[in-house]
Amino acid sequence: MSRTTTAPAGVQEAAEVVSARPVGAYTHLVLHAPEAARRAQPGQFVACGVGDSGMLLRRSLSLHAADPVAGTLEVVVAAAGPGTRLLAAKRPGDVVPTTAPLGRPFPIPEAGTPGVVIGGGYGAAPLPWLARVLTAQGSRVVGIVGAASADRLLGTSAVDDATALDGIADALVVTTDDGSLGAPGRVTDALPEVLLELADLGDPWVYACGPMPMLRSVHTTTREVLGQGARTWLAVEESMACGVGVCMTCVLPVAQDDDDGVRRTRMLRACTAGPVFDGDALRWDAIGAAPHLRGGALVPDDAVGAPTAMGGH
Amino acid sequence: MSRTTTAPAGVQEAAEVVSARPVGAYTHLVLHAPEAARRAQPGQFVACGVGDSGMLLRRSLSLHAADPVAGTLEVVVAAAGPGTRLLAAKRPGDVVPTTAPLGRPFPIPEAGTPGVVIGGGYGAAPLPWLARVLTAQGSRVVGIVGAASADRLLGTSAVDDATALDGIADALVVTTDDGSLGAPGRVTDALPEVLLELADLGDPWVYACGPMPMLRSVHTTTREVLGQGARTWLAVEESMACGVGVCMTCVLPVAQDDDDGVRRTRMLRACTAGPVFDGDALRWDAIGAAPHLRGGALVPDDAVGAPTAMGGH
Amino acid sequence: MESATIKDVVHAPAATAVDLSTSIGSFHLPAPTMTASGCAAAGAELAPYLDLAALGAVVTKSVLRDPRSGRATPRMAETPSGMLNSIGLQGPGIDSFLEHDLPVLAEAGARVVVSIAGGDADEFGELAGRLAALGPESPVGAIEVNISCPNVANRGLVFACDTGASRAVLDAVSSAVSSAAAATGRPALPVLAKLSPDVTDLVAVARACTDGGATGLTAINTTLGMVIDPVTLRPQLAGVTGGTSGPAIRPIAVRCIWQLTAAKRAGVLPDVPIVGAGGVASGADALQLIAVGACAVQVGTATFADPSAPARVARELEAELARRGVARLADVVGIAHEPGRGITRSTDL
Amino acid sequence: MESATIKDVVHAPAATAVDLSTSIGSFHLPAPTMTASGCAAAGAELAPYLDLAALGAVVTKSVLRDPRSGRATPRMAETPSGMLNSIGLQGPGIDSFLEHDLPVLAEAGARVVVSIAGGDADEFGELAGRLAALGPESPVGAIEVNISCPNVANRGLVFACDTGASRAVLDAVSSAVSSAAAATGRPALPVLAKLSPDVTDLVAVARACTDGGATGLTAINTTLGMVIDPVTLRPQLAGVTGGTSGPAIRPIAVRCIWQLTAAKRAGVLPDVPIVGAGGVASGADALQLIAVGACAVQVGTATFADPSAPARVARELEAELARRGVARLADVVGIAHEPGRGITRSTDL
Ligand SMILES: Cc1cc2nc3c(=O)[nH]c(=O)nc-3n(C[C@H](O)[C@H](O)[C@H](O)COP(=O)(O)OP(=O)(O)OC[C@H]3O[C@@H](n4cnc5c(N)ncnc54)[C@H](O)[C@@H]3O)c2cc1C
Ligand SMILES: Cc1cc2nc3c(=O)[nH]c(=O)nc-3n(C[C@H](O)[C@H](O)[C@H](O)COP(=O)(O)OP(=O)(O)OC[C@H]3O[C@@H](n4cnc5c(N)ncnc54)[C@H](O)[C@@H]3O)c2cc1C
Ligand SMILES: Cc1cc2nc3c(=O)[nH]c(=O)nc-3n(C[C@H](O)[C@H](O)[C@H](O)COP(=O)(O)O)c2cc1C
Ligand SMILES: Cc1cc2nc3c(=O)[nH]c(=O)nc-3n(C[C@H](O)[C@H](O)[C@H](O)COP(=O)(O)O)c2cc1C
Ligand code: FES
Ligand code: FES
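Residues numbered from 1 in each chain as written. Chains lettered and ligands numbered in written order. Predicted model: local features only at pLDDT ≥ 70, side-chain atom pairs only at ≥ 80, totals over all residues. Heavy atoms only, no water.

Not every one of the 21 residues close to ligand 4 is listed here, only the nearest: D:Ser37, D:Ser62, D:Lys194, D:Gly279 and D:Thr301. Residues within reach of ligand 4 are spread across chains A and D. One of the backbone N or O atoms of D:Ile220 is found 3.0 Å from an oxygen atom in ligand 4. Within the backbone of D:Gly300, a nitrogen or oxygen atom sits 3.0 Å from an oxygen atom of ligand 4. The fraction of the free accessible surface of ligand 4 (610 Å²) that becomes covered by protein chains is 98%. The residue makeup of the shell around ligand 4, split by class, is six nonpolar, 13 polar and two charged. (Near = heavy atom within 4 Å. Polar contact = N/O pair within 3.5 Å; in protein donor to acceptor, adjacent residues only side chain to side chain. Areas by Shrake-Rupley, 256 points an atom, 1.4 Å probe, with all protein chains shown as cover. Nonpolar A, V, L, I, M, F, W, Y, C, P; charged D, E, K, R; others polar.)

Let's shift gears to the sheet that holds strand β7 (residues 95–102) of chain A. Hydrogen bonds between backbone atoms are what pair the strands of a sheet, whose relative direction is either parallel or antiparallel. Residue and element names in this part refer to chain A. Spatial strand order, β4-β3-β7-β1-β2-β6-β5: seven strands in an open sheet with antiparallel pairing. The outermost strands of the open sheet, each flanked by one partner alone, are β4 (59–62) and β5 (65–67). When strand polarity is set aside, the average angle formed by the axes of neighbouring strands in this sheet is 35°. The pairing of strand β2 (residues 26–32) with strand β6 (residues 72–77) spans six bridges and is antiparallel. Pairing of Leu-31 across the sheet is with Leu-73, part of β6. (Pairing = 2+ DSSP bridges. Helix = DSSP H or I, 4+ residues; strand = E, 2+ residues; numbered from the N terminus. Axes fitted to C-alpha atoms, helices over the stretch in contact; angles between N-to-C directions.)

Turning our attention to the relation of the copies chain C and chain D. Copy one and copy two of the chain differ by a rotation about a common axis and a shift along it. The operation relating chain C to chain D is a screw motion whose rotation component is 180°, with 0.0 Å of axial translation and a residual RMSD of 0.0 Å. Within this description, the copies of the chain are treated as partners about a two-fold rotation axis. In this assembly the copies share their binding face: 100% of the residues contributing to the interface of chain C also contribute to that of chain D. (Least-squares fit on C-alpha atoms with pLDDT ≥ 70 in both. Contact = heavy atoms within 4.5 Å.)

Taken together, 21 residues lie near ligand 3, and C:Ser37, C:Ser62, C:Lys194, C:Gly279 and C:Thr301 sit nearest. One finds residues of chains B and C in close proximity to ligand 3. The side chain of C:Lys61 places a nitrogen or oxygen atom 3.0 Å from an oxygen atom of ligand 3. A distance of 2.7 Å is found between an oxygen atom of ligand 3 and a backbone nitrogen or oxygen belonging to C:Gly279.

Residues and elements named next belong to chain C. Within this structure's numbering, the places UniProt gives as "active site" (unreviewed entry) are Cys-149. Within the element layout of this structure, Cys-149 appears in the loop between β9 (140–146) and α3 (163–184). Every residue in contact with Cys-149, bar those within four places of it in the chain, is listed here: Leu-89, Ala-117, Gly-118, Phe-124, Leu-157, Val-158 and Phe-159. (UniProt positions renumbered as here; feature names shortened; annotations may be inferred.)

Here it is as structure tokens:
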């Protein structure tokens, strides 16, 4: 891979909540964090403190938008557990400690390369910003957003105008598992047709954010439909303790060509080497392979420094 | 002592904050806790949860007032440490978990017995309610409130009308250590004159709330001035983990006559045997005797079950 | 994304009440939550806040032979998600306990676990004998042996830190209990040894206790901690060190119960019931301790913030199990040790 | 009510800067805060958030002989006021560390404590030898020996749980360090043994380490904990158990440092410097560890929430000391052990 291996560093700011409003099942927050707003690019995230509580660790949220002039970052929070519940309940005037922008942004292809941006649930949050960057450089962009049901959708004006892809992407497909809005089914059901259409304009770049099973399916579908004639850029959501590369909790097995030309798998930090990874580099055989570990990833036997049968670690 | 040894039990209510307003350096909170409001008497306290935080334990606050009709309790909070800081920052609509009313109330003398009510700092909180009960039964009541400086005063209309003794007590003396309001000096400087004046009406009952050094001084002064011709009822502030009598953290050494007529000292729970104690029963020789323990009390050698020189505990 | 699926666990329609009953040897409990020793005084103080008879059991503050004043104050310090205590086993002694406190619990219909403590094995044995000699109408269903108290003979080192001392205490207790059983013809009272987490080899101490005759284990007691007063820069507690309790120590409790249960499953420890304690404040917390192997759970520090907690935790636990379609508590005791038997959800397509 | 008074402590006008310098044997530190091993990766990752050169030292993630992938994921679980981690010592191995990571720290002007780990005493010795052989221009000021890692020869039991194993590791490290010193004529690198709190007798393990040649102690490493996943009811960490860290364990850290310092004062342990670690998130927290005897303090988990924490804690500590009129950090190291020397306020009239 030609990309650098470290992410640009973030900055710490005590961000005042400028506005907080419900968007479907989620909460859209605008945070005043001027220095981060100046630096941020689509695909990066912000680590947010949840406030005075027994919960020490920051919560990572994808940047929905950054306004360098207003000095604001925007995020969309799903109240998934106790920490995001506190974040989703923030009111204007509250202060959220932030470190941002973190992680490596979505890579941007040569001008004109067609793109597909795919979001599952709140995973659609960073897509309008990304789509705008792509279309601005002349790429045709098709959006696909999906969710289990209509209330968990994001990115379509059927839910909320301000966070929608409508009018930014050249076309938008909406799916729900239960058919409550858009086409019944999954985002990947809609993907083959979109890929085939765009392939006429060049090898598409496929961007996806959402749960790991969806990312896997996006990668598999893309490869099935277009063979090697496409790239996939997947924003993963690994459980993160620090977000800045110091704790090694957020790793997943990634195969990369070393300087000596040999492809080797290492457990790479999603917060600094990601969160956006090339779908071909992820070791799908090891990710999610042990059901009792839920989203966890195993260490492939051929990974550098993997435990050996004889003792090891 | 003829008083029962257990306090009436409290009730648990999720109390909504009805109003919150600054009073001098303190915050006056009105809490909707209808069942507790029905039962409460002056001298009792409420144990308040501080909310979602790493702080598990409730904070004890004296009841300033209880309105059985409105179903409200009133308290005055000093932001002393992290927990009371959170409580003092509550806004209307917030919910505070409460257990109340807790502890044994101030004992009330025969009708007509003259009374002195003395408060140090926010210790004045329960005095207006107590004074009203006493005057209603025909007692002459003099109030003395004091603090280090004017901003830490409570109970005088010079600070706040709604929480003041003015107009409830028959007379009110105000002192500050730095002379910034009222007479320069301590509450106990004003006490001898008040005691001598009231002694003409009968043996006065002296009630005091405030830091332990002040309570000690009130007791000593009263005994010096009137010999045994007065009673002192002191509301102590021991560090409390539970407030309901189950943890044994809030104890202090108290001497009482047992059924066999022998006076014995035991480590009694301030939350259920107190917080109001007869000043003569407190073992002043052991309370605050070790400076490195700050407010702590030692176990007198003659206490029941005290550690013996030989091993013991 | 995928919904929870349950394998191998007996299913019940969601509306059916969950069978929460459990037992510790001959001691049958209708509900799996208890108070924790020292966190409910003699028990009666909680009566205004919960139904003592509906609890699995009331566990008393550790009772000694003689009255005890306890330590000087301060006796507590709040810590992040926990607290320290250093009470020093304040109590009225066994005579007063039997005369005043136990009848109140009997009257309330409570089942009682009496925690005992002593300065040497003899004191433990004597206390156990007194309890075992109570008539069949007594509410005492089990004895819990607090071996985390100082051994007078050994520089105050706590019994629980030494396999020999632990075994000696349990020997004394179990022989007192057996003699009483033999004398009366009634079944022997179950004996729970309460373990300290502050040891290098927990299983070895547990084994010493079962070798000494413990018929069950309680895990865990507090872990030794300390707080410095920010003003004096001296230890904040009069007792210098104190026991850390509360949610902060829950991961340690879960780990200890896991280790004990793993040792039972490996045959290293006999198959005795384990009562869990440590940082339980909700039904979900209790379920963690149960999943690693506890058949009943004590609620201690949480009671200080919410005096109804021991009862509330049982209700919440029932809801947690019902939501998962689990019909009987017994079906999930130790389930965390059983690959493939747990409640899983597929995490990938 | 009464204002704070200070006895016996050297006074400084409040505005004067406090002398925060400290030393660990021959290793002099301008400031008493360090990163904690495994909480700052190789150190460079924190450069955007603090001045590495202004820290007392950067403590590296434990380095092993060979590259290591670490464990499967999940590797962490949040706990009340703390977290569990089970990383499995992921790292690139000593060659890569010396080639890539150390030069970056040297470039940044950082002082470095290299944490080393191994599966047997030989591996520790080899690593120590490599580090001790570095030239005088190397930024390495001390070695920290992570004995809380599994001993391959003894069923993966961690070295720190066994006095013999701990001593063997320290013997290997100190002889490698001494040989290098003898060969080069330079003073031997200070060697810190990093202790685990999960032992019955901490002082005995510490003594084994100093007997083996440790010239200082770091206390404490994480305490073993476990969390059960609420959905699967199986251990949440891929590694089953994990190390508990963060403010939840601070009372344990304070107690351990107190015990070690008390043992030094009693002559049971040699008078070696103690570096504190465990739950430090503020200057006031650091002061607790210092008051019980730490001469320097590591900031670990707090860095995850605030990557500037190791530097911030030093600033806050300076303010805490200045507020008390303390001129030199050294004046309060261990002050909690000295009746009458502490900072007191009268509590009674
Ligand atoms: C790069 C990235 C971008 C994300 N973007 C968004 C977003 O835009 N909107 C949104 O609502 N959520 C987003 N998430 C997921 C969000 O961070 C988690 O839902 C959240 O951290 C869970 O915290 P909790 O308190 O709700 O749950 P808990 O289970 O209590 O969390 C416990 C701990 O685990 C960590 N954790 C648990 N799940 C995750 C997870 N999926 N990812 C990272 N850390 C986790 C938490 O940070 C916390 O430290 C993103 C995650 C990542 C890694
Ligand atoms: C019967 C009674 C009545 C009180 N009335 C009032 C009142 O009307 N207004 C008011 O502002 N304060 C009152 N206090 C004092 C108040 O409870 C303490 O200031 C408060 O608990 C300290 O909490 P913190 O979070 O500010 O401090 P922290 O030091 O963080 O408290 C830590 C722990 O120690 C306990 N604690 C510390 N100091 C005290 C103390 N003095 N008394 C009891 N527990 C303590 C806390 O409850 C908490 O569990 C009263 C205390 C008692 C016992
Ligand atoms: C104030 C207090 C007093 C305690 N006293 C005793 C005791 O007398 N005997 C005993 O075995 N355990 C005692 N414990 C320990 C508890 O029973 C329990 O094991 C421990 O607190 C962990 O549970 P928790 O986190 O739910 O409190 C006490 C705990 C506290 C907090
Ligand atoms: C994610 C993580 C990784 C750690 N890795 C190591 C390690 O490699 N070597 C080591 O000696 N300690 C390691 N520790 C322990 C810390 O250095 C420190 O001793 C412990 O976390 C207590 O300090 P804290 O509460 O400030 O984090 C690690 C801790 C954490 C949280
Ligand atoms: S989250 Fe800490 S290294 Fe990635
Ligand atoms: S505060 Fe718990 S017994 Fe008084």
